[in-house]
Amino acid sequence: EAGVTQSPTHLIKTRGQQATLRCSPISGHTSVYWYQQALGLGLQFLLWYDEGEERNRGNFPPRFSGRQFPNYSSELNVNALELEDSALYLCASSLGLAGYNEQFFGPGTRLTVL
Amino acid sequence: AQSVTQPDIHITVSEGASLELRCNYSYGATPYLFWYVQSPGQGLQLLLKYFSGDTLVQGIKGFEAEFKRSQSSFNLRKPSVHWSDAAEYFCAVDSRGKSTFGDGTTLTVKP
């Protein structure tokens, strides 16, 4: 069974540009989560999508947004990129509500903002 | 607001020695608690989880953790560490799909 996949592996952008990161969950999983792992800041919860709806959001500005498609894959969009957005972005999926269901993590997308 | 504290940023143990990684949490209700491991260049892998019931939880790779409500702790243990256990370990608490992670503990294993 395929795990959570993320693309691209690496992404290099300049300040002010937009970045789009993609995540494909494990087959059968309806929930997708996004996390930011920045150097020195640990792992921070960004967004949770379930059944196409945003269910919860972390303490990030509105320029961090995303969506979940009918096939449960998801996109994370980061607008007006800033240098401090450079980080590893991890996606995870689970069978519905997390906390009760295990989250499975993808390998991440390394975003570098120059 | 929920929070997780991992007091030890870095721990070094000898191969074969026992290990305990500390985790303290702050959460209003009965928490959902997790331990994850992240090897260099890899995503996170769940080691074990606690939802309710028996406070001693067994996980993969020989790890266990004990939930102590009175101390708000969920410490991770392993009786005998292997060189392949060298990695970063994260404790997390979940509420309504929002997971809060500790800052992580980096484990180094000496031969």
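Above this note sits the structure.
Residues numbered from 1 in each chain as written. Chains lettered and ligands numbered in written order. Predicted model: local features only at pLDDT ≥ 70, side-chain atom pairs only at ≥ 80, totals over all residues. Heavy atoms only, no water.

**Focus on unusual backbone geometry**
Residue and element names in this part refer to chain A.
Then, in step 1: S7 connects to P8 through a cis peptide bond whose omega is -10 degrees.
Then, in step 2: As for its position among the elements, P8 is in the loop between β1 (5-7) and β2 (10-13).
Then, in step 3: Notably, E51 is not glycine yet its phi reads approximately 50 degrees, a positive angle.
Then, in step 4: Among the secondary structure elements, E51 is positioned in the loop between β5 (42-50) and β6 (53-57).
Then, in step 5: Its identity as a non-glycine residue notwithstanding, A80 has a phi of 45 degrees, on the positive side. (Helix = DSSP H or I, 4+ residues; strand = E, 2+ residues; numbered from the N terminus.)

**A closer look at the state of the cysteines**
Residue and element names in this part refer to chain A.
Then, in step 1: Under the definition given, this model contains 2 disulfides over all chains.
Then, in step 2: Linked covalently through their sulfurs, C23 and C91 form a disulfide whose S-S length is 1.8 Å. Taking the sign of the S-S torsion, about -60 degrees here, the bridge from C23 to C91 comes out left-handed. Highlighted residues: C23 in strand β3 (residues 19-24) and C91 in strand β9 (residues 87-94), separated in sequence by 68 residues. Considered together, C23 and C91 belong to a single accessibility category, that of buried residues. (Disulfide = S-S within 2.5 Å. Buried < 20%, exposed > 50% of the residue type's maximum accessible area, 1.4 Å probe, protein only.)

**Looking at the sheet that holds β3(A)**
Residue and element names in this part refer to chain A.
Then, in step 1: The 4 strands lie next to each other as β1-β3-β8-β7, forming an open sheet whose pairing is antiparallel. Of all the strands in the sheet, the pair left with one neighbour each is β1 and β7 (64-68). Looking at each pair of strands side by side, their axes are set apart by 20 degrees on average, direction ignored.
Then, in step 2: Inspection of the sheet shows β3 paired to strand β8 (residues 74-78) by 5 bridges, in the antiparallel sense. Note on β8: the bridge partner recorded for L21 is L76. (Pairing = 2+ DSSP bridges. Axes fitted to C-alpha atoms, helices over the stretch in contact; angles between N-to-C directions.)

**Structural notes on the pairing of strand β12 (residues 105-110) of chain B**
Residues and elements named next belong to chain B.
Then, in step 1: Burial along β12 is one-sided: T105, L107 and V109 are buried, while T106, T108 and K110, pointing the other way, are not.
Then, in step 2: Here strand β2 (residues 10-14) pairs with β12 via 5 bridges, running parallel. Residue pairing across strands places S14 opposite K110, the latter belonging to β12.
Then, in step 3: Alignment of strand β10 (residues 87-95) against β12, held across 3 bridges, turns out to be antiparallel. Counterpart to Y89 in the pairing with β12 is T105.

The values are spatial; any link to function lies outside them.
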